[in-house]
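Residues per chain, in single letters:
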Amino acid sequence: MLPLNYAMLKYFTCHDRACADDVMEALKGDYSSFSAFTKPKMQEALMTAEKNGLISECHFDLDDAGEVRVYYSAGQEQRDTINSYIK
């Protein structure tokens, strides 16, 4: 099994866009018992990946509670970079 942050990045190589909630929903089966599997930590990991150029912000909206959701995507060059490091 991949480390959580690697699994999060690999998710973006197969999906057009996602927010922290989407990634957590997809990974909860394998990673929900991890201490880093919380929304704040997932958001932090996504922001770090964005600052490192591995994913890009692409969309914003509000969830049902009125909180901002940030969506990210990975272009082909970003996907290639992720895939070159994480097999």
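Above this text is the structure in question.
Residues numbered from 1 in each chain as written. Predicted model: local features only at pLDDT ≥ 70, side-chain atom pairs only at ≥ 80, totals over all residues. Heavy atoms only, no water.

### Some remarks on the pattern of salt bridges
- Within the structure shown, the criterion is met by five salt bridges.
- For Asp21, the salt bridge goes to Lys39, with nearest N and O atoms at 3.3 Å. You can see Asp21 sitting in helix α2 (residues 20-31) and its partner Lys39 sitting in helix α3 (residues 39-51), a full 18 residues away along the chain.
- The salt bridge involving Glu50 is made with Lys51; its shortest N-O contact spans 4.0 Å.
- For Glu50, a relative accessible area of 22% gives the class partly exposed. (Salt bridge = Lys/Arg side-chain N within 4 Å of Asp/Glu carboxyl O. Helix = DSSP H or I, 4+ residues; strand = E, 2+ residues; numbered from the N terminus. Buried < 20%, exposed > 50% of the residue type's maximum accessible area, 1.4 Å probe, protein only.)

### Focus: the pairing of strand β1 (residues 56-62)
- Taken together, the six bridges between β1 and strand β2 (residues 68-73) define a ladder with antiparallel strand orientation. Its bridge partner being in β2, Asp61 is matched across the sheet by Arg69.
- Between β1 and β2, which pair antiparallel one after the other, the connecting turn spans five residues, and Gly66 there sits at a positive phi close to 85 degrees. (Pairing = 2+ DSSP bridges.)

### Quick word on the environment of Ala26
- With respect to the element layout, Ala26 can be found in helix α2.
- For Ala26 and Ala49, which are 23 residues apart along the polypeptide, the C-alpha to C-alpha distance reads 18 Å.

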